Amino acid sequence: MTERVDVETVRFVGERAGFRVYLGESTDEGYCILLTGPDGTDGRVGCGGGGGVVDNELQVEQNAFRSASDGVSPGDDWEAISENVYYREVPIETPTDD
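Bear in mind the structure is a predicted one, so any value in this text is a computation, not a measurement.

Caption draft 1: Representation of the packing of aromatic side chains. Overall, the coordinates contain three aromatic pairs when judged by the stated rule. Geometrically, the ring pair formed by Phe-12 and Tyr-22 is edge-to-face, given 5.4 Å between the ring centres and 65° between the ring planes. Of this pair, Phe-12 sits in strand β1 (residues 11–16) while Tyr-22 sits in strand β2 (residues 19–25), and the two are 10 residues apart along the sequence. Aromatic pair Phe-19 and Phe-65: ring centres 5.9 Å apart, planes at 85°, arrangement edge-to-face. A residue pair is termed long-range when its members are at least 10 positions apart, and Phe-19 in strand β2 and Phe-65 in strand β6 (residues 63–68) qualify at 46 residues.

Caption draft 2: Region of interest: the nonpolar core. Among the nonpolar cores identified, the biggest contains 12 residues, and these are Val-13, Phe-19, Val-21, Leu-23, Ile-33, Leu-35, Leu-58, Val-60, Phe-65, Ile-81, Val-85 and Tyr-87. Elements that contribute at least two residues to this core include exactly β2, β3 (31–36), β5 (54–60) and β8 (85–89). Ranked by the residues each element gives to this core, the list is headed by β2, at three residues. Not counting residues up to four positions away in its chain, the partners in contact with Val-21 are Arg-11, Phe-12, Val-13, Gly-14, Arg-16, Ile-33, Leu-34, Leu-35, Phe-65, Ile-81 and Val-85.

Conventions and cut-offs
Residues numbered from 1 in each chain as written. Predicted model: local features only at pLDDT ≥ 70, side-chain atom pairs only at ≥ 80, totals over all residues. Heavy atoms only, no water. Phe/Tyr/Trp six-rings, centres within 6.5 Å; stacked < 30°, edge-to-face > 60°. Helix = DSSP H or I, 4+ residues; strand = E, 2+ residues; numbered from the N terminus. Core = buried A, V, L, I, M, F, W, Y, C linked by side-chain atoms within 4.5 Å. Buried < 20%, exposed > 50% of the residue type's maximum accessible area, 1.4 Å probe, protein only. Contact = heavy atoms within 4.5 Å.

Structure, rendered in structure tokens:
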């Protein structure tokens, strides 16, 4: 999973929802969001293609993390963790009996 990340570029950007959040450049194009638990375990990686306003989004349960280009808002309801990384809680949809 981490083979898609240029490890020399990874930097810590903050913490949200029990995750330590990092941002790094992809070995292909674009950026990668890396998440770990508070003790450094439970790693997750999401990489985007780049070239757009929103580079990628990584969702873990009801938590969504998004990277965006410099100076660009990722959309409504996103909380800035850093200049390029945002967070929001995603409601869990429950099925209804119709």
